[in-house]
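Chain residues, written in single-letter form:
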Amino acid sequence: MTQWTSAVGAAQLARQLSTQQSRPAGPGTRRPPAYRALADGIRVLVLEGRVPVAARLPAERELAVALAVSRTTVAAAYEALRAEGFLESRRGAGSWTAVPAGNPLPARGLEPLPPETLGSVIDLGTAALPAPEPWLTRAVQGALEELAPYAHTHGDYPAGLPALRQKLADRYTEQGIPTMPEQIMVTTGAMGAMDAICHLFAGRGERIAVESPSYANILQLMREAGARLVPVAMAEGLRGWDLPRWRQVLRDAAPRIAYVVADFHNPTGALADEDQRRGLVDAARSAGTVLVVDETMSELLLDEETDMPRPVCAFDPAGSTVLTVGSASKAFWAGMRIGWVRAAPDVIRSLVSARAYADLGTPVLEQLAINWLMSTGGWDAAVGIRRAQARENRDALVTAVRRELPDWEFDVPHGGLTLWVRTGGLSGSRLAEVGERVGVRVPSGPRFGVDGAFEGYVRLPFTVGGRVADEAAQRLAAAARLVETGASTGIDAPRTFVA
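Residues numbered from 1 in each chain as written. Predicted model: local features only at pLDDT ≥ 70, side-chain atom pairs only at ≥ 80, totals over all residues. Heavy atoms only, no water.

Q: For this particular structure, what's the right way to read the overall build of the protein chain?
A: Across its full length, the protein chain carries 16 helices and 15 strands. Expressed as a percentage of the 499 residues in the protein chain, the buried residues total 55%. Contacts in the protein chain between residues far apart in sequence, at least 24 positions, make up 76% of those at least 6 positions apart. As displayed, the protein chain has an accessible area near 21,000 Å², and 52% of this comes from carbon and sulfur atoms. (Helix = DSSP H or I, 4+ residues; strand = E, 2+ residues; numbered from the N terminus. Buried < 20%, exposed > 50% of the residue type's maximum accessible area, 1.4 Å probe, protein only. Contact = heavy atoms within 4.5 Å. Areas by Shrake-Rupley, 256 points an atom, 1.4 Å probe, with all protein chains shown as cover.)

And the structure:
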């Protein structure tokens, strides 16, 4: 990092330091010097993502006043952080957070395992469930019955099949958000939608504000597009967004676009409330930032007593500020690569024009399958099956992890597909590495942060239940014991496990 992209105020940093959970010292253990404790506190906040990487820290005098310590203590803490690679400074620009160069982002953990490995390795790397049959088979059969008229055409529909665009527009309208088919573009999954949006709005070097943590594959897509990511820490627990931070980042960093997951956030499971949604739309509009909202988890409400807020685009019905991305992959099946964008008609036209140099269009047969589901009631029935699967798996995984790893901390989300787990001070990267050797595959926290944050976390998706969830937790506990003892070799190969 060569300069800061956001800022943390002295009072805000003091509050965060005061809420840190400190481990009790053992008998005869000396308390560290005040400067060392302050440096360690800031370092932990950075590694956990509560203070973003590339965030400008308060001046020494300001922080000293906020913490009621001497300026010498703050200066010594900053110097220690600089020596360890967690702080960079430049005369006239101040000091900003960093992560040492020796902490590269893990390169593995989210790609699906080859089918031949599934007998011996429990895969918690991807948040995806098996297809909700019989609806996949019925949808494909229905699509084949409707294919003949399209087979007599060229088959290229850059904006999507007119029938599916109409159906998707109708679904938004039914939610109280009047929408025309001209406001919809069908894409090859949500990733296809995000790729098109990034190429249109965020050229190389443009700033994109992202939640911290955020969805790992989208972060990597943005990096490869050459964007400069500006992380914004989430609110504590599962309370959605920290709106004051968002206002500050949008004002100070002026990002071209901002990417958020409002509904059962991936990976934390957080659900943003209506006030947060309204406030973020207003802040983005004022800053001239395009707000890209990922709704791929929006239909996965698992606790019926939870009231779902209105979609973010309800606070920008014309689509001038909010671009909404949806997908069939999470709510239905990951193998059904159908996504969509809802935006203003002129934005859709620009996205469609740019698509001519990318993938030209989305497969017709899969579009027909989703249209059949949404036209016959099959979609709602399939989503019901998906919710029941995810709810059962979530409850089984929560029970197993609490039993086998009682020191690990997490909040149980009311929907979505993922648990965001604090690993009791263990390295998430080491757990991911050792876990594969004992037969359980998990993505480490840094995959979901910017520049190495969240080392003390792993993400656990609700993809297994019953005996498999029990076994997964037992293997995670075995990996945790090996990480705690510093073991790195001599680990036995995992035994085959059959669900």
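Q: Just checking my understanding: could you explain the packing of helix α10 (residues 243-252) against helix α11 (residues 274-287) for this structure?
A: Working note: a packed helix pair is described by the angle between its axes plus the distance between those axes. In contact at an axis separation of 9 Å, α10 and α11 are set at 10 degrees when each is read in the N-to-C sense. Judged by the inter-axis angle, α10 sits roughly parallel to α11. Across the interface between the two elements, Leu243, Trp246, Arg247 and Leu250 of α10 pack against Asp275, Gln276, Gly279, Leu280, Ala283, Ala284 and Ala287 of α11. Class assignment for the residues of the contact of α10 with α11 results in 7 nonpolar, 2 polar and 2 charged. (Axes fitted to C-alpha atoms, helices over the stretch in contact; angles between N-to-C directions. Parallel < 35°, antiparallel > 145°, perpendicular 65-115°, else oblique. Nonpolar A, V, L, I, M, F, W, Y, C, P; charged D, E, K, R; others polar.)

Q: Help me out: how do you make sense of empty space enclosed by the protein in this one?
A: One way to see where empty space is left: roll a probe the size of a water molecule over the atoms. Evaluated as defined, the whole model comprises 2 cavities of 30 Å³ or more. Its boundaries defined by the atoms lining it, the largest cavity holds a volume of some 70 Å³. In this structure, the largest cavity is lined by Ser6, Ala7, Val8, Gln12, Pro52, Pro231, Val232, Ala233, Arg245, Gln248 and Val249. Residue assignment for the lining of the largest cavity shows that the elements contributing at least two residues are β1 (6-7), β8 (228-233) and α10. (1 Å grid on protein atoms, 1.4 Å probe; cavity = no way out; pocket = protein on both sides within 12 Å on 5 of 7 lines; lining within 4 Å. Points joined across faces, edges and corners; volume = space filled by probe spheres on them.)

Q: Just checking my understanding: could you explain the sheet that holds strand β12 (residues 339-342) for this structure?
A: Sheet strands pair via backbone hydrogen bonds, and the direction of the pair is either parallel or antiparallel. Read from one edge to the other, the open sheet built from 7 strands follows the order β6-β12-β11-β10-β9-β7-β8, with strand pairing classed as mixed. Because the sheet does not close on itself, it has two edges, and the strands there are β6 (184-187) and β8. The sheet shows a mean angle of 20 degrees between the axes of neighbouring strands, direction not considered. For strand β7 (residues 207-212) and β8, the ladder comprises 6 bridges, and the chain directions are parallel. The residue bridging valine 210 from the neighbouring strand is proline 231, located in β8. (Pairing = 2+ DSSP bridges.)

Q: Please clarify how the packing of helix α7 (residues 162-174) against helix α13 (residues 364-376) should be interpreted in this entry.
A: The interhelical angle for the contact between α7 and α13, taken along N-to-C directions, is 40 degrees, at an axis separation of 9 Å. If you check the angle between α7 and α13, you find them oblique. As for the relative orientation of α7 and α13, their crossing is left-handed in sense. Contacts between α7 and α13 involve Ala163, Leu164, Lys167, Leu168 and Arg171 from the first element and Gln367, Ile370, Asn371, Met374 and Ser375 from the second. Here the residues of the contact of α7 with α13 are counted per class, giving 5 nonpolar, 3 polar and 2 charged. (Left-handed = near helix turned anticlockwise from the far one by under 90°.)

Q: Help me understand the side chain of threonine 324 in this model?
A: Mapped onto the elements, threonine 324 comes out in strand β11 (residues 322-327). Here threonine 324 falls in the buried class, since its relative accessible area comes to 0%. Excluding residues within four positions of it along the chain, threonine 324 makes contact with Tyr172, Val293, Glu295, Cys313, Trp340, Val341 and Arg342.

Q: What is the right way to look at the packing of aromatic side chains in this model?
A: Given two aromatic rings, their pairing is described by the distance between the two centres and the angle made by the two planes. Tallied over the full model, the rule gives 6 aromatic pairs. Centroid distance tyrosine 150 to tyrosine 157: 6.2 Å. Interplanar angle 75 degrees. Geometry classified as edge-to-face. Judged by its relative accessible area of 19%, tyrosine 157 falls in the buried class. Their ring planes at 10 degrees and their centres at 4.9 Å tell us that tryptophan 420 and tyrosine 457 sit as a pair that is stacked. Residue tryptophan 420 is found in strand β13 (residues 418-422), and its partner tyrosine 457 is found in strand β15 (residues 457-461); the two are separated by 37 residues along the sequence. (Phe/Tyr/Trp six-rings, centres within 6.5 Å; stacked < 30°, edge-to-face > 60°.)

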